[in-house]
Amino acid sequence: MQHVHSFAAGQWIAPGAGARSIASAITGDVIADAGNDALDVQAMLAHGRDVGGPALRAMTFHDRAKMLKALALHLREHRTALYDLSYDTGATKSDHQIDVDGGIGTMLVYASKGRRDLPDAHVYLDGVPEQLGRAGAFMGQHICTPLQGVAVHINAFNFPVWGMLEKLAPTLLAGLPAIIKPATATCYVTEACVRLMLDSGLLPVGALQLVSGGLGDMLDHVDCQDVVTFTGSADTALKLRGNANILSNSVRFTAEQDSLNASVLGPDAVPGTPEFDLFVKEVQREMTAKAGQKCTAIRRIMVPQAQEQAVIEAISARLANVTIGDPRDAATGMGALVSAAQKRDVLDKAAAIGAEATRVFGDPDDFAMSGSKGAFVPPMLFHCADPDTATRVHDTEAFGPVSTVMGYRDLDHAIALLNRGQGSLVASVITHDGDVARAVAKGAGAFHGRIYFNNRDSMAEATGHGAPLPHMVHGGPGRAGGGEELGGSRAVMHYMQRTAIQGSPDILTAIGNRWVPGATEHADKPHPFTRVYGDLELGDTFNSPSREITLDDIETFAHFTGDTFYAHMDDAAAKANPFFPGRVAHGYLLLSFAAGLFVQPDPGPVLANTGLDNLRFMKPVQAGDSIKVRLSVKLKTPRNDEYGEVRWHVTLTNQDDEQVAEYELLTMNAF
Ligand code: NDP
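Keep in mind the model is a prediction, meaning the values are calculated, not measured. (Residues numbered from 1 in each chain as written. Predicted model: local features only at pLDDT ≥ 70, side-chain atom pairs only at ≥ 80, totals over all residues. Heavy atoms only, no water.)

Visitor: Mind laying out the nonpolar core, listing which residues take part and the relevant values?
Guide: Ranked by size, the top nonpolar core spans 59 residues in total, and within it M107, L165, L168, L172 and M197 carry the most contacts. Apart from the residues lying within four places of it in its own chain, the contact partners of L172 are L56, R64, M67, L68, L71, L203 and A207. Counting residues in each nonpolar core, the second largest holds 39 residues, with I26, A375, L418 and A427 among its members. (Core = buried A, V, L, I, M, F, W, Y, C linked by side-chain atoms within 4.5 Å. Buried < 20%, exposed > 50% of the residue type's maximum accessible area, 1.4 Å probe, protein only. Contact = heavy atoms within 4.5 Å.)

This is how it looks when you write it as structure tokens:
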């Protein structure tokens, strides 16, 4: 028997008074216990806030991203230990891959996004500076900084690893320590994963704590710098979000709860098309993966009325081929539910659905594992003949391999039925018709956190209706809890505070570590292209001499490049255009001359010009005008041990000091 520990304020705490026992999903035998009423939850909060938080906030986003990568690789190395433990949760090997490998993959995506989308700094700049005064001496900038509390993550039983890591990755990347409270039924897998992370020595002290068993009165002590996230049932979510302390301190609370996800067979996807077969395959997979215990599983199957029978037959045929049994057996396609209690709950909910729909596949009293002590149920497919008057099929989440087929008259009817779920995590539409896709996106987008379209063109690469991806938002409105997780760096911002900063360009530059136009320029140093990355400071500026543009320059450039557009070649035609006073120089000629004006030609620390962003041509330049260039160091981002990226603010002005062009130039500069 395993004693599942908590990890509180740096100590592993064994189960004690109030511990709950945990049974194997396969045999029903008690295999572990967890929980201790004496856990000092206030000390845990203090440890996270006072020790973990400051250590994480001392690191930059890039430091934390590198830490996530190392953690993920460490977990990957030891993942078989997690697989071995997971069988007793009822999960098969392919289920573990969703849970364990999916969690590790999510962490790796955050590790890479952290280095690509976030700065190597402590402050995240949200958007561009806003000019608030006439002359640019008073500016605004939104910034995000990490909250100074703790994230309390309360997770569901179905994904003991992914459920933890998908929340932990953005939390740590933001710079916030976490207290994980897994569902007791599967907490022995989470505990093993937490031990691996702590034993790796990669995390700062206090960054990660674990509550195995009950959470005690922790939520009565969270404050405005803490975040509480929850995944589980709507009833528990309602109870927790209504906690007086959470309400009175405006503690951030996000929930991901019951969701009546649906899949729609497009009107075009008739039997014989690749889309019809794809639909049947996706539905069967979603019903049986994790024995249907997935928050994104398909609960409602919407098909054109003419296809109801064909779909029922095709799905039933595939379900009949799924072997139910001990998940350790390689031939098993679907394992057990997590517990006897969960089995009772699923059968009760299936019975409620059965009051307004007919069961057309799967008899829980008569299937291969009927006599087992484990929490086995067969996949159960229902058919609801009247989805307009039915209510339970739209509001009852049987958290197991249970789904209901319903027919729709036309696309508007399908959209109305989709939205009867009153908010879901994901809806899918299998169609090859762009008009169908557009109508569903417009008609149902507001009710669903994600809409997954798939067809013959995308099916080879598509990731599946049920797979939340770290790049894309996971969460949904209404019944789905109203929360939002994942979605790239959006999720990181959930653990940070957005603050509007107002002040002079120098003040904004100092805070954001990004030079703001109008801030001090240092123009008295040697040419910046002669200085290595480390010697460049924000605001280091090069002012070029000026160069006159001649008609000959324009004609030579036109014939050399082949760009003989009339605005450069034909004075009368150019004048007739509302933008030009007559023949004008090519914008790209100005850029080329600008490079000639600012470049320092000798071999030196500038290794390559890698791009150009935000280019604007503001005023035409004609023969006889002259231009000069100002180049200022705007932002520096290290890329590896040898070089870093320098973003230069470049301004072209004419003989009257009017801006004619502006852009950001990117170079790689040696250290
Ligand atoms: P619960 O809502 O009971 O539990 C979810 C989490 O909340 C668990 O970690 C649980 O801990 C914890 N919890 C419960 N009560 C409290 C409390 N008073 N204070 C602090 N934490 C608490 O859901 P279950 O996991 O038991 O699943 C029940 C049903 O929820 C499923 O049948 C399904 O319908 C739905 N569900 C929906 C999911 C979704 O994302 N759509 C995901 C998972 C479940 P403990 O285990 O220790 O009680």
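On we go from here.
Visitor: Let's hear about the UniProt feature "domain: MaoC-like" (unreviewed entry) in the protein: which residues, and what values?
Guide: Under the UniProt annotation, the feature "domain: MaoC-like" (unreviewed entry) is placed at residues 539-647. The distance from the first to the last C-alpha atom of residues 539-647 is 11 Å, and the span holds 29% helix and 32% strand. (UniProt positions renumbered as here; feature names shortened; annotations may be inferred. Helix = DSSP H or I, 4+ residues; strand = E, 2+ residues; numbered from the N terminus.)

Visitor: So what about the environment of A289? Which residues, and what values?
Guide: Considering the arrangement of structural elements, one finds A289 in the loop between α9 (274-288) and β14 (300-304). Considered as a pair, A289 and P401 are 112 residues apart in the sequence and their alpha carbons are 8.3 Å apart.

Visitor: Now, about helix α16 (residues 505-512): what can you tell me, with residues and values included?
Guide: Three or four residues apart is the spacing at which side chains of an α-helix point the same way, because the helix has 3.6 residues per turn. Those residues of α16 lying buried are P505, L508, T509 and G512. Taken around the axis of α16, the buried residues stretch over an arc of 100°, which confines them to a single face. Tucked into the core, α16 has its buried residues touching β6 (124-131), β7 (139-146) and β22 (496-503). The first or second residue beyond α16 is N513, which carries a positive phi of 60°. (Arc of directions from axis to C-beta.)

Visitor: Account for the site of the ligand, naming residues and giving values.
Guide: Taken together, 26 residues sit near the ligand, with N155, T184, S233, T236 and E256 positioned nearest. Here an oxygen atom of the ligand sits 2.9 Å away from a polar atom, N or O, in the side chain of K181. Taking T236, its side chain carries an N or O atom lying 2.7 Å from an oxygen atom of the ligand. Relative to its free-state accessible area of 880 Å², the ligand is covered by the protein chains to the extent of 81%. (Near = heavy atom within 4 Å. Polar contact = N/O pair within 3.5 Å; in protein donor to acceptor, adjacent residues only side chain to side chain. Areas by Shrake-Rupley, 256 points an atom, 1.4 Å probe, with all protein chains shown as cover.)

Visitor: Any chance you could break down the state of the cysteines for me, citing the residues and the numbers?
Guide: Applying the stated rule across the entire model yields zero disulfides. The cysteine C187 is free of any disulfide, with C193 supplying the nearest cysteine sulfur at 13 Å. (Disulfide = S-S within 2.5 Å.)

Visitor: Quick one: what's the story with the pattern of salt bridges, residue by residue and with numbers?
Guide: Following the criterion strictly, the structure yields 27 salt bridges and no others. The salt bridge involving D435 is made with R438; its shortest N-O contact spans 3.1 Å. Note that D435 and R438 are positioned in helix α14 (residues 434-444) at a spacing of three residues, about one turn of the helix. Taken together, the shared-partner salt bridges in this structure form one network comprising K525, R531, E537 and D540. (Salt bridge = Lys/Arg side-chain N within 4 Å of Asp/Glu carboxyl O.)

Visitor: Mind laying out the packing of aromatic side chains, listing which residues take part and the relevant values?
Guide: What the rule picks out here adds up to eight aromatic pairs. Between F157 and F399, the aromatic rings sit 5.8 Å apart at their centres with planes inclined by 90°, giving edge-to-face as the arrangement. One end of the pair, F157, is in the loop between β8 (151-154) and α5 (162-174); the other, F399, is in the loop between α12 (392-395) and β17 (402-408), with 242 residues separating them in the sequence. Residue class for F399 comes out buried when judged on its relative accessible area of 12%. Ring geometry for Y533 versus F671: centroids 4.9 Å apart, planes at 65°, classification edge-to-face. Taken as a pair, Y533 in the loop between α16 and β23 (541-543) and F671 in the segment after β28 (659-670) lie far apart in primary sequence, 138 residues in all. (Phe/Tyr/Trp six-rings, centres within 6.5 Å; stacked < 30°, edge-to-face > 60°.)

Visitor: Kindly report on the sheet that holds strand β5 (residues 30-34), identifying the contributing residues and their values.
Guide: Within the open sheet, the three strands sit side by side as β1-β5-β4. Their pairing is mixed. In this open sheet, the two edge strands, each paired with only one partner strand, are β1 (2-4) and β4 (20-23). Pairwise comparison of adjacent strand axes, ignoring direction, gives a mean angle of 30° for this sheet. In this fold helix α6 (residues 187-199) packs onto β1, β4 and β5, with an angle of close to 70° to the strand it touches most, β1. (Pairing = 2+ DSSP bridges. Axes fitted to C-alpha atoms, helices over the stretch in contact; angles between N-to-C directions.)

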